[in-house]
Amino acid sequence: MTNESYNNVKNKYNELISKRESIDELQSILEKLEENKAKLEMDLNVQEYVSILEQIDQIIKMLPSPDERKSMTDEHLLWIAANQVVLEQNTNNIYVYMGTYDYSDEGDIVHGSSVIELPDDSTDFGWKLYKNIELVDYNADKIVPKQELGNFEKETTILYAPKDIFPDIFYRKVKKAFFETLIKFGQEEAVEKIKSEFDIKNIAPISEEGPKLIKNR
């Protein structure tokens, strides 16, 4: 990705962290106002009491619900930042393999043939699906027809999920690791982290050591 995109993601994440800190600060102010409200309820200084009531009402409207605040973890804010900043197609070409597919011979006149998922080692298939770890989720899919697969594998780094992990879960794990490192240390370090944490193999991973990085499978 370009430096501009990197800075946009980092700035978005910092903006979300700052917003969360502001919410916590407002919550603290609200608690103090609630304490003052209780003290002033029997006080003759009605004007100050009314002012505090107005402030409390305004702050309550600004605050998220308790459940929403609990969900504002660093990981959740990181995921928002990674998926709200639309990155250009100029990425580091790191993909997660999502499945092998083809059209079924069975169908009907109205709906036509249906799409079926095939075993990973199928030799007779229509296309394979991959997801780019840097692009927003709705723009990350890469459909590669069988005839284009050779060139695609030569030009990209492909990661395969272990047999006991669903591809979608593995994709989120890899993407999280990439963007965490990207925000803290920069793009080069993020790419290096992915390539150093996952062994480069020429076979699909079937081990208890966790995910493996596979290039040119």
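Trainee: Describe in detail the nonpolar core, supporting the description with residues and values.
Mentor: Counting 31 residues, the largest nonpolar core has Y13, V96, I133, L159, F178, L182 and I194 as its most contacted members. Where this core is concerned, the elements lending two or more residues are α1 (3-40), α4 (74-84), β1 (94-108), β3 (127-132), α6 (167-185) and α7 (187-197). In terms of residue count, the dominant contributor to this core is α6 (eight residues). The contact partners of I133, leaving out residues within four places of it in the chain, are I94, V96, Y171, V174, K175, F178, F179 and I194.

Trainee: If you had to explain unusual backbone geometry to someone new, which residues and values would you point to?
Mentor: In this structure, N93 is a non-glycine residue whose phi angle is positive, near 55°. The residue N93 is located in the loop between α4 and β1 in this model.

Trainee: For the packing of aromatic side chains, give the residues involved together with the corresponding values.
Mentor: Taken as a whole, this structure holds seven aromatic pairs when the rule is applied. Ring centres 6.3 Å apart and planes at 20° place the aromatic pair Y101 and W127 in the stacked group. Here Y101 is found in strand β1, whereas its partner W127 is found in strand β3, with 26 residues between them in sequence. Note on W127: relative accessible area 15%, which makes it buried.

Trainee: Any chance you could break down the packing of α6 against α7 for me, citing the residues and the numbers?
Mentor: Running from N to C, α6 and α7 point in directions that differ by 145°, and their axes come no closer than 7 Å. When the axes of α6 and α7 are compared, the crossing they make is right-handed. Within the contact between the two elements, α6 uses V174, A177, F178, T181, L182 and F185 and α7 uses Q187, E189, A190, V191, K193 and I194.

Trainee: I'd like a rundown of the pattern of salt bridges, residues and numbers included.
Mentor: Where side chains of opposite charge bring their charged atoms close, a pairing between them can arise. Under the criterion given, the structure shown has three salt bridges. Here D141 and K131 are joined by a salt bridge, their closest N and O atoms 2.9 Å apart. In this pair, D141 sits in strand β4 (residues 141-145) while K131 sits in strand β3, placing the two residues ten residues apart along the sequence. Residue class for K131 comes out buried when judged on its relative accessible area of 10%. Of the charged contacts in the structure, one is a salt bridge between E180 and K176, with a shortest N-O distance of 2.8 Å. Of the two residues, E180 and K176 are both situated in helix α6; the distance of four residues between them amounts to about one turn of the helix. By relative accessible area, K176 is classed as partly exposed at 24%.

How each quantity is defined
Residues numbered from 1 in each chain as written. Predicted model: local features only at pLDDT ≥ 70, side-chain atom pairs only at ≥ 80, totals over all residues. Heavy atoms only, no water. Core = buried A, V, L, I, M, F, W, Y, C linked by side-chain atoms within 4.5 Å. Buried < 20%, exposed > 50% of the residue type's maximum accessible area, 1.4 Å probe, protein only. Helix = DSSP H or I, 4+ residues; strand = E, 2+ residues; numbered from the N terminus. Contact = heavy atoms within 4.5 Å. Phe/Tyr/Trp six-rings, centres within 6.5 Å; stacked < 30°, edge-to-face > 60°. Axes fitted to C-alpha atoms, helices over the stretch in contact; angles between N-to-C directions. Left-handed = near helix turned anticlockwise from the far one by under 90°. Salt bridge = Lys/Arg side-chain N within 4 Å of Asp/Glu carboxyl O.

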